[in-house]
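Each chain, letter by letter, is given below.
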Amino acid sequence: MILGIGTDLANIERIQGTLDRFGTRFKNRVFTEREQLKAERRKDIAGTYAKRWAAKEACSKALGTGLAMGIAWKDMHVSNLQTGQPVMEVTGWAKERLDKMTPADHTATIHVTLTDDHPWAQAFVVIEALPISSSTAPAG
């Protein structure tokens, strides 16, 4: 079952301006250390940050809260599988919110997709709850 859907569109040039103006202060407030390391290794640094910004906004919307209701930017972390597929991990208040919205006997999966076409970066997040099968559940 679908628990939440979120999307966001970020302007790469706006993110570049924020990076130019606030630099490390902005990066440390919004992005985890791993996200920063990945972005700084990329050719399009601002585009990489913009996609992750959009993913965090989209995730907060899929959680039904937006960023105004207590979720910290760094409670949401975008990384990539070896295949390049982006994945979203949540901690802190975002994880608490996810756990509350996930029905009993289900496990939540956060799907995320990112794209950009200068000057835009876009993200979609879908939170899905899947039943825990009795064959994989621990014996009681």
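Scroll up a little and you will see the structure.
Keep in mind that what you see is a predicted model, and the values were worked out from it rather than measured.

Q: How should the overall build of the protein be read in this particular structure?
A: Scanning the protein for helices and strands turns up four helices and five strands. Across the protein, helices and strands are ordered from the amino to the carboxyl terminus as β-α-α-α-β-β-α-β-β. In terms of overall dimensions, the protein is globule-like: its C-alpha atoms have a radius of gyration of 16 Å, near the 14 Å expected for 140 residues. Based on the C-alpha atoms only, the size of the protein along its principal axes is roughly 55 × 35 × 25 Å. Counting all 140 residues of the protein, 42% fall into the buried class. In the protein, the share of contacts with a sequence separation of at least 24, taken over all contacts with a separation of at least 6, comes to 59%. Within the structure as shown, the protein displays about 8,000 Å² of accessible surface, and the carbon and sulfur contribution to it stands at 53%. Distance between charge centres in the protein, computed from 18 positive and 16 negative side chains, equals 4 Å.

Q: Would you mind going over the packing of helix α1 (residues 12–30) against helix α3 (residues 45–62) with me for this structure?
A: Each packed pair of helices is defined by two parameters, the angle between the axes and the distance between the axes. At a minimum axis separation of 10 Å, α1 and α3 run at an interaxial angle of 75°. In terms of axis orientation, α1 runs roughly perpendicular to α3. Contacts between α1 and α3 involve I12, R14, I15, Q16, L19, F26, K27 and V30 from the former and A46, G47, Y49, A50, W53 and K56 from the latter.

Q: Even after reading the chapter, I still don't get the side chain of H77, so can you show me in this structure?
A: Residue placement: H77 occurs in strand β2 (residues 76–80). Polar side-chain contacts of H77 include one of 2.6 Å to the side chain of T32. Setting aside residues no more than four positions away along its own chain, H77 makes contact with T32, R34, E35, V87, M88 and E89.

Q: I'm lost on the environment of G4 in this one. Help?
A: In this structure, G4 sits in strand β1 (residues 2–11). Residue G4 is classed as buried on the basis of its relative accessible area of 8%. Sequence separation between G4 and I110 is 106 residues, and the spatial gap between their C-alpha atoms is 9.3 Å. Beyond its immediate sequence surroundings of up to four residues, G4 is in contact with A62, V125, V126 and I127.

Thresholds, definitions, all that
- Residues numbered from 1 in each chain as written.
- Predicted model: local features only at pLDDT ≥ 70, side-chain atom pairs only at ≥ 80, totals over all residues.
- Heavy atoms only, no water.
- Helix = DSSP H or I, 4+ residues; strand = E, 2+ residues; numbered from the N terminus.
- Rg over C-alpha atoms; globule rule 2.2 N^0.38 Å.
- Buried < 20%, exposed > 50% of the residue type's maximum accessible area, 1.4 Å probe, protein only.
- Contact = heavy atoms within 4.5 Å.
- Areas by Shrake-Rupley, 256 points an atom, 1.4 Å probe, with all protein chains shown as cover.
- Lys, Arg positive; Asp, Glu negative; His and termini not counted.
- Charge placed at Lys NZ, Arg CZ, Asp CG, Glu CD.
- Axes fitted to C-alpha atoms, helices over the stretch in contact; angles between N-to-C directions.
- Parallel < 35°, antiparallel > 145°, perpendicular 65-115°, else oblique.
- Polar contact = N/O pair within 3.5 Å; in protein donor to acceptor, adjacent residues only side chain to side chain.

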